[in-house]
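Listed here are the chains, written in short residue letters.
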Amino acid sequence: MTDAPIRLYYWPAPNFGDALSHLIVEHVSGRAVENARPKQAELFALGSLMHVIAKHWTDRKRGDGPILWGTGLLNPFYRKDFLENVQVRLLRGPISAAFLRLKMTEFGDPGLLADDAVGPVSERHDRIAVLPHHSQMEDPRFVDMVEADPALHLIDVRLDPVTVCREIASSAHLFSASLHGLIVADAYGVGNTWMDPEAQGRLKYHDYAASIGRDMTYPVEIDDVPRLARAVKDRTFPYAEGIARCRESLLRHFPAELRAAQPNEVSHA
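Residues numbered from 1 in each chain as written. Predicted model: local features only at pLDDT ≥ 70, side-chain atom pairs only at ≥ 80, totals over all residues. Heavy atoms only, no water.

Draft legend 1. Structural detail: the packing of aromatic side chains. Counting across every chain of the model gives six aromatic pairs. Ring geometry for Tyr 78 and Phe 99: centres 5.4 Å apart, planes at 70°, overall edge-to-face. Within this pair, whereas Tyr 78 is found in the loop between strand S4 (67–71) and strand S5 (87–91), its partner Phe 99 is found in helix H3 (residues 94–100), the two being separated by 21 residues in sequence. Tyr 78 sits in the exposed class, given a relative accessible area of 68%. (Phe/Tyr/Trp six-rings, centres within 6.5 Å; stacked < 30°, edge-to-face > 60°. Helix = DSSP H or I, 4+ residues; strand = E, 2+ residues; numbered from the N terminus. Buried < 20%, exposed > 50% of the residue type's maximum accessible area, 1.4 Å probe, protein only.)

This is the structure:
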């Protein structure tokens, strides 16, 4: 066991959902984390990274390959040849497991631990937050929407993950085209609605929803958000038990060999 930085791969895009992986792994492991290239990574966690893993880990490697903890599929995927070169500890959801033909009964997206990693917020506001997918951030419809309705607040996913998580956590409700916007809202107990991610694939949203038992059949249209926001009501989460179950699975299946050494651990030569 070592306290050297964990070599974690995550997509190096200006998007809080990817950067959140660094924050959560650092919190759960108790170790520093550094962004590594796919072939040098020892851990893949938050994100739809299976296509990246398959591309770089299909050829047989010497020794144990990287660990997969909470990652999932982006699009339909039929390759399995790379699985013998990696160590699957946990997947995001049952759809990912089904495509890979892995017999698994526990799942979880690491984003569900965001509240533990970031911490609580001091107060909740009345505002309704709108969180586009990072590919939609230049779409003028979102700026026009919030300028026309002062009850709406636009969250920029390109900001650092702590800021984005706190803005989500302090909102009364969230309309999100970002998967990890929905997941962070679930982690904080903030009511949320799936908003159309447009060109983005939808498999990952259904994968996550299936993991917690959430009814998330289709997203609302972007242009309908102002009208729907006026009718939002607080309600309990019918899938709260599913969230708790996945959080437990995430902590139980985080690789023990990547956790920081405890002070009372004595090395015997």
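Draft legend 2. Geometry of the sheet that holds strand S3 (residues 43–44). In spatial order, the strands read S2-S1-S3-S4-S5; together these five strands make up an open sheet with parallel pairing. Because the sheet does not close on itself, it has two edges, and the strands there are strand S2 (33–35) and S5. Pairing geometry for S3 and S4, over two bridges, is parallel. Across the sheet, residue Phe 44 finds its bridge partner in S4, namely Leu 68. Against the sheet, helix H2 (residues 50–57) contacts strand S1 (6–9), S3, S4 and S5, and its axis sits at roughly 165° relative to S4. (Pairing = 2+ DSSP bridges. Contact = heavy atoms within 4.5 Å. Axes fitted to C-alpha atoms, helices over the stretch in contact; angles between N-to-C directions.)

Draft legend 3. Representation of helix H5 (residues 140–148). Restricting attention to buried positions, one finds in H5 the residues Phe 142, Met 145 and Val 146. All buried residues of H5 fall inside an arc of 85° around its axis, so they share one side. Pointing more than 90 degrees away from the buried face of H5 are the exposed residues Pro 140, Glu 147 and Ala 148. Buried residues belonging to H5 abut strand S6 (128–131), strand S7 (152–154) and helix H9 (225–229). (Arc of directions from axis to C-beta.)

Draft legend 4. Focus on the nonpolar core. Core analysis: the biggest nonpolar cluster contains 51 residues, and Phe 16, Leu 20, Ile 24, Val 25, Leu 43, Trp 69 and Ile 168 have the highest contact counts within it. The contact partners of Ile 24, leaving out residues within four places of it in the chain, are Leu 46, Trp 69, Pro 110, Gly 111, Leu 113, Ala 114 and Ala 117. In terms of nonpolar packing, the next biggest core, distinct from the first, is built from 21 residues, Leu 49, Val 52, Leu 68 and Leu 100 among them. (Core = buried A, V, L, I, M, F, W, Y, C linked by side-chain atoms within 4.5 Å.)

Draft legend 5. Quick look at the state of the cysteines. Across all of its chains, the model carries zero disulfides by this definition. Summary of cysteine pairing: Cys 165 is not part of a disulfide, and the nearest cysteine sulfur, belonging to Cys 246, is at 18 Å. A residue is classified by how much of its surface remains accessible, and Cys 165, at 0% relative accessible area, is buried. Overall, the relative accessible area of 1% leaves Cys 246 in the buried class. (Disulfide = S-S within 2.5 Å.)

Draft legend 6. Quick look at the sheet that holds strand S9 (residues 191–194). The parallel open sheet is built from four strands, whose spatial order is S7-S6-S8-S9. Looking at which strands have only one partner, the edges of the open sheet turn out to be S7 and S9. The mean inter-strand angle of the sheet, taken between neighbouring strand axes irrespective of direction, is 25°. Along the sheet face, H5 touches S6 and S7 and points at about 145° away from the line of S7.

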